[in-house]
Amino acid sequence: MTYNEIRKAFLDYFESRGHKIVPSASLIPNDPTLLFTVAGMVPWKGILQGIEPAFAPRVADVQKCIRAGGKHNDLEDVGFDGRHHTFFEMMGNWSFGDYFKEEAIAMSWELLTKVFKLDPNRIVVTTHISDDDATAIWKKITGKDAIRLDKDNWWSAGDTGPCGPCTEMHYDMGAELPGGLPGSPDENGGRYVEIWNDVFMQYDRDANGNLTPLPKQNVDTGSGLERMAAVLQGKTDNYDTDVFVALKRAVSDVTGVAETPDNVTSFKVITDHLRSVGFAIADGVIPSNTDRGYVIRRILRRAMRHGQMLGHRGALLSKLYPALIATMGDAYPELVHEQKRVVEIIENEENAFADMLQNGMKLLDAELPKINNGILPGDVAFKLFDTYGFPIDLTQMILRDKNIAVDVAGFEKCMAEQKERSRADTRGTRILWESQTDLPATDDSSKYAPDAKIESRVLAILRNDEFVKSAKSGDEVEVALDKTNFYGTMGGQVGDMGTILRDGAAVMNVMETNRVGNVVVHKGTLVADITVGDTVTTQINETVRQQTARAHTATHLLQAALQRVLNDDVEQRGSKVSPDSVRFDFRFGRAMTAEEKQAVEDLVNKWIAADMPVKHEEMSLDEAKAKGAMALFNEKYGDTVKVITAGDVSCELCGGTHVYHTGEIIRAKVNKEKSISSGIRRITMSVGTLAE
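For the structure given in this document, a descriptive report is provided here. If you're wondering where the values come from, they're calculated on a predicted model, not measured in any experiment. (Residues numbered from 1 in each chain as written. Predicted model: local features only at pLDDT ≥ 70, side-chain atom pairs only at ≥ 80, totals over all residues. Heavy atoms only, no water.)

Focus on the overall build of the protein chain
Then, in step 1: Secondary structure summary: the protein chain contains 19 helices and 29 strands in total.
Then, in step 2: What you see for the protein chain is a C-alpha radius of gyration of 28 Å, in line with the 26 Å of a compact globule of 692 residues.
Then, in step 3: Expressed as a percentage of its 692 residues, the buried residues of the protein chain come to 53%.
Then, in step 4: Entry remark: accessible area of the protein chain is about 30000 Å², with carbon and sulfur atoms responsible for 47%. (Helix = DSSP H or I, 4+ residues; strand = E, 2+ residues; numbered from the N terminus. Rg over C-alpha atoms; globule rule 2.2 N^0.38 Å. Buried < 20%, exposed > 50% of the residue type's maximum accessible area, 1.4 Å probe, protein only. Areas by Shrake-Rupley, 256 points an atom, 1.4 Å probe, with all protein chains shown as cover.)

Here it is in structure tokens:
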């Protein structure tokens, strides 16, 4: 079976078993602790931890993943064996409080043996040493005695919180391969390959290690598509499966070099990295010197280096991108949709890489005369890495011919210091709020009623990075309530300002409102003492809400105007909607002319002057699609969505706050238009009285 056939068979099977089939989430996770979506469970983390409600009781998907940075990093292993990848696809089926162990195991077994038709005698199963239930179920369904293991068969979200045992399925690739059974000293020899893992989340672990059964038990499964393809195609090396064979053939065509045992590592690196770079950029990652953009830039340059090792000069991944579309574009249409932009960005990076080599070599050549002990200092190696993008192995390769080593320990010290700086930049109260897994979701169903006063109860108070039972007047705090009509920052729109009152008197001036998972957090200064459990009333600043609402509706008009003045392919890539101010990022390959900017501004103001009605409607996602509502690329939506329609010029899925007639916006003024990265432009626009 090919990759496309395996994906279809997997999803068709679970759809027939009552699962809602959903597309892959973006590689850019909605999780500040992760650079990339590193596993199939990442999009469902909030549901699995009980922070977010499940939109369906059972779900199945094929999730694209990248492991190439931070804790989850397989980058340095790619190319040296047949099983490591930076980009991979994870097939998964999920039960959110619906079925549990017996049905999960039965479906896993049926798919493997009846649909994929794997030899049951070559499948070895493992269970956790404490999991008598799963062990008995395997015996009942298959007659197999599971191998009972400890550490490798237990999953947890952290030291505390949801956790539970796992059961894994391994396939015997043949006695001619080295390696023993799972759990044996030589289990990593290669003979037995893990092809499926069912995680049973059934406990909540407290700080003392005590396990309490969860009220809702979830099933989280994963099956790597690359490994499954190797098994089903009778290959011991993932890079010999159909997708990689086609990509390696393209590498030969572009470089003019045939694959041989001597250069097989370079072929593996290039094909793997092509997938990571292509998919990441298609999902909106821009190569840069920070965070995930830095990782993608490094991967791209590592692929280019291996192209040079094959004797190739000039563009490589940009020329290979059509082959990626040919092999995976049917399953992931975003590759096709974003082709022009992705290729342009890769070409720019490839040209920059050539400049980097030239500039980096100047630095290296200037440092070589200073070396008197045969070792390049670690800080110099890090500067090459940090400033010019030289991976340390590239520096080592260049210096090897000169019999000069690199101070790797010094380099790693510099790297550690940089990582600590990066971690410091991303620290904040969000992580503290996320740790409060027992905090119920905030009922913000009244957030579209600015004139309402909502009676509420104080659930939690955060002061000086510490949760406290009470706080005093003058304290800077963050407060979670059980109900609110404040809009928490979401979808590019900044949160509300306002007041929290008790018995009609102000208790807290709220200057900022944020959403963390399903909890709405009010941030500001206390003007009276407050205690967890207090009954309070929320009152938003209606003037600020009105200003924000007209800015958000103006954003929709701006996108519609850009599409009419420039072209229909203009697509939002980010926004920030503040009171009477808009920042709008969009995909476009060049600077706008002065005439185009004026035309966009004039068109928006024409629609404002027309005082068109703005409809706020809730409907099913299918109804919204039939209506032609525009959606953000790669965004996940529930079954019921909110649709904002401005006259006959704009129709978008949007959960933000909006005006009811375009005339309420008053006026719009385009201030600036500039490039913020390759292929991405930014417009700043004022609306309302600020524009006047």
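There is more to say, and it comes next.
Quick notes on the sheet that holds strand S24 (residues 581-587)
Then, in step 1: Spatially, four strands are ordered S23-S24-S29-S28 in an open sheet, and the strand pairing comes out antiparallel. Two strands lie at the open edges of the sheet, namely strand S23 (571-578) and strand S28 (668-677), each paired on one side alone. Pairwise comparison of adjacent strand axes, ignoring direction, gives a mean angle of 20° for this sheet.
Then, in step 2: Two elements, S23 and S24, share seven bridges in a ladder whose sense is antiparallel. (Pairing = 2+ DSSP bridges. Axes fitted to C-alpha atoms, helices over the stretch in contact; angles between N-to-C directions.)

Structural notes on helix H1 (residues 3-16)
Then, in step 1: In a regular helix each residue adds 1.5 Å, so 14 residues correspond to 20 Å; H1 covers 20 Å between its end C-alpha atoms and thus fits that length.
Then, in step 2: One or two residues past the end of H1 sits Gly18, with phi positive at roughly 85°. (Expected span 1.5 Å × (residues − 1).)

So, the nonpolar core
Then, in step 1: Core analysis: the biggest nonpolar cluster contains 107 residues, and Leu118, Met228 and Leu317 have the highest contact counts within it.
Then, in step 2: Looking at which element gives the most residues to this core, the answer is helix H11 (residues 339-367), with nine residues.
Then, in step 3: Not counting residues up to four positions away in its chain, the partners in contact with Leu317 are Ile270, Leu274, Val277, Leu300, Ala303, Ile346 and Glu350.
Then, in step 4: Listed in part, the 34 residues of the second largest apolar core include Met592, Val659, Ile665 and Met685. (Core = buried A, V, L, I, M, F, W, Y, C linked by side-chain atoms within 4.5 Å. Contact = heavy atoms within 4.5 Å.)

Some details on the layout of surface pockets
Then, in step 1: Quantified by volume, the second largest pocket comes out at close to 430 Å³.
Then, in step 2: Lining the second largest pocket are 21 residues, with Ile47, Gln49, Gly50, Ile51 and Lys216 positioned closest to its centre.
Then, in step 3: Looking at the lining of the second largest pocket, the elements that each hand over two or more residues are helix H2 (45-48) and strand S11 (211-224).
Then, in step 4: The class makeup of the residues in the lining of the second largest pocket is 12 nonpolar, five polar and four charged. (1 Å grid on protein atoms, 1.4 Å probe; cavity = no way out; pocket = protein on both sides within 12 Å on 5 of 7 lines; lining within 4 Å. Points joined across faces, edges and corners; volume = space filled by probe spheres on them. Nonpolar A, V, L, I, M, F, W, Y, C, P; charged D, E, K, R; others polar.)

A few points about the packing of helix H6 (residues 242-255) against helix H9 (residues 317-328)
Then, in step 1: Two numbers describe how H6 lies on H9: the axes approach to 10 Å, and their chain directions differ by 160°. In terms of orientation, H6 lies roughly antiparallel with respect to H9. Crossing of H6 against H9: the hand is right-handed. Taking contact as the criterion, the partners of Val243, Ala246, Leu247, Ala250, Val251 and Val254 in H6 are, on H9, Lys319, Leu320, Ala323, Leu324, Thr327 and Met328. (Parallel < 35°, antiparallel > 145°, perpendicular 65-115°, else oblique. Left-handed = near helix turned anticlockwise from the far one by under 90°.)

Some remarks on the sheet that holds strand S25 (residues 614-620)
Then, in step 1: In space, the three strands of this open sheet follow the order S25-S26-S27, with antiparallel pairing throughout. The strands lining the two open edges of the sheet, one partner per strand, are S25 and strand S27 (650-653). Mean inter-strand twist for the sheet, computed between neighbouring axes without regard to direction, equals 20°.
Then, in step 2: When S25 meets strand S26 (residues 640-646), the two strands line up antiparallel, connected through seven bridges. By the bridge assignment for S26, Val614 is matched with Ala646.
Then, in step 3: Those strands touched by helix H16 (residues 542-565) are S25, S26 and S27, and its axis lies near 115° from that of S27.

Looking at the packing of aromatic side chains
Centre distance and the angle of the planes are the two values used to describe a pair of aromatic rings.
Then, in step 1: Counted under the stated rule, the structure contains 19 aromatic pairs.
Then, in step 2: On the numbers, 6.2 Å between centres and 15° between planes, the contact of Trp154 with Tyr203 is stacked. Of this pair, Trp154 sits in strand S8 (residues 154-156) while Tyr203 is found in strand S10 (residues 192-205), placing the two residues 49 residues apart along the sequence.
Then, in step 3: Ring geometry for Tyr294 versus Phe385: centroids 5.5 Å apart, planes at 85°, classification edge-to-face. Highlighted residues: Tyr294 in helix H8 (residues 291-309) and Phe385 in helix H12 (residues 378-388), separated in sequence by 91 residues.
Then, in step 4: A residue is classified by how much of its surface remains accessible, and Tyr294, at 14% relative accessible area, is buried.
Then, in step 5: Every member of this aromatic cluster is reached through a ring pair, and the members are Phe10, Tyr13, Phe14 and Trp196.
Then, in step 6: Geometry around Tyr448 places Lys642 over its ring, the cationic atom sitting 3.3 Å from the centre. (Phe/Tyr/Trp six-rings, centres within 6.5 Å; stacked < 30°, edge-to-face > 60°. Lys NZ or Arg CZ within 6 Å of the ring centre and 35° of its normal.)

A look at empty space enclosed by the protein
Then, in step 1: On inspection of all chains with the given rule, the structure shows two cavities of 30 Å³ or more.
Then, in step 2: Within this model, the second largest cavity holds a volume of roughly 40 Å³.
Then, in step 3: In terms of lining residues, the second largest cavity is bounded by Arg83, Met173, Val193, Arg227, Ala230, Val231, Lys235, Thr236 and Asn238.
Then, in step 4: Take the lining of the second largest cavity: its biggest share by element is three residues, from helix H5 (residues 225-232).
Then, in step 5: Its residues assigned to classes, the lining of the second largest cavity shows four nonpolar, two polar and three charged.

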